[in-house]
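# Remarks on the overall topology
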Amino acid sequence: QIQLVESGGGLVQAGGSLRLSCAASGRTFSDYAMGWFRQAPGKEREFVAAINWGGGRTNYADPVKGRFTISRDNTRDTVYLQMNSLKTEDTAVYYCVARSSDAIAVFRTSPSSWGYWGQGTRVTVSA
């Protein structure tokens, strides 16, 4: 199995930036598509972004398009989520996810489509 550990969450003012990191271990990192989900208080988990095994294909949820960027470094077994122009509605626990790579992995936006989850990192955006 692949293990995922997120870091980089914290408190930031609206309009600010944060970069989340997710370090993977246990399996060949490039065999996996990677992604991020988030869960705000009282809401269901929602898809944020995903990236294919090689980094050449990405997908974003509409609320974060143009503000967030997902990337990966297969030499460091790490995936990143750069979050810019943060809004209060971005406040949530952010989860790193992984699944075996396939042709449409980045378009799988249901939480049940991703088999491996990190423990989550909290992001709080203040007004």
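For the structure itself, consult the block above.
Just so it is clear, the structure is predicted and the values come from calculations on it, not from any experiment.

### Here's the deal with the pattern of salt bridges
Taken as a whole and assessed by the stated rule, the structure comprises seven salt bridges. Between Asp-90 and Arg-67 there is a salt bridge, with the nearest N and O atoms lying 2.7 Å from each other. Of this pair, Asp-90 sits in the loop between strand 8 (78–83) and strand 9 (92–100) while Arg-67 is found in the loop between strand 6 (58–60) and strand 7 (68–73), placing the two residues 23 residues apart along the sequence. Overall, Asp-90 belongs to the buried group, its relative accessible area being 1%. Here Asp-102 and Arg-108 are joined by a salt bridge, their closest N and O atoms 3.0 Å apart. Judged by relative accessible area, Asp-102 falls into the partly exposed class, the value being 25%.

### Description of the state of the cysteines
Disulfides are covalent bonds that connect the sulfur atoms of two cysteines. All chains considered together, the criterion is met by one disulfide. A sulfur-sulfur distance of 2.1 Å marks the disulfide that ties Cys-22 to Cys-96. The chirality of the disulfide connecting Cys-22 with Cys-96 is left-handed, given an S-S dihedral of about -80°. With Cys-22 in strand 3 (residues 18–25) and Cys-96 in strand 9, this pair connects stretches of sequence that are 74 residues apart. On the accessibility criterion, Cys-96 (0% relative accessible area) is buried.

### Overview of the nonpolar core
Residues Met-34, Trp-36, Val-79, Leu-81, Met-83 and Tyr-94 are the most contacted members of the largest nonpolar core, which totals 38 residues. Of all the elements in the fold, those that place two or more residues in this core are strand 3, strand 4 (32–39), strand 5 (46–51), strand 7, strand 8, strand 9 and strand 11 (121–126). Among all residues touching Val-79, those that are not within four sequence positions of it are Leu-20, Ser-21, Cys-22, Phe-29, Met-34, Trp-36, Ile-51, Ile-70, Ser-71, Arg-72 and Cys-96.

### Considerations on the side chain of Arg-99
Here Arg-99 shows up in strand 9. When its relative accessible area of 16% is taken as the criterion, Arg-99 is described as buried. At 2.8 Å, the side chain of Arg-99 forms a polar contact with the side chain of Asp-102.

Rules used throughout
Residues numbered from 1 in each chain as written. Predicted model: local features only at pLDDT ≥ 70, side-chain atom pairs only at ≥ 80, totals over all residues. Heavy atoms only, no water. Salt bridge = Lys/Arg side-chain N within 4 Å of Asp/Glu carboxyl O. Helix = DSSP H or I, 4+ residues; strand = E, 2+ residues; numbered from the N terminus. Buried < 20%, exposed > 50% of the residue type's maximum accessible area, 1.4 Å probe, protein only. Disulfide = S-S within 2.5 Å. Core = buried A, V, L, I, M, F, W, Y, C linked by side-chain atoms within 4.5 Å. Contact = heavy atoms within 4.5 Å. Polar contact = N/O pair within 3.5 Å; in protein donor to acceptor, adjacent residues only side chain to side chain.

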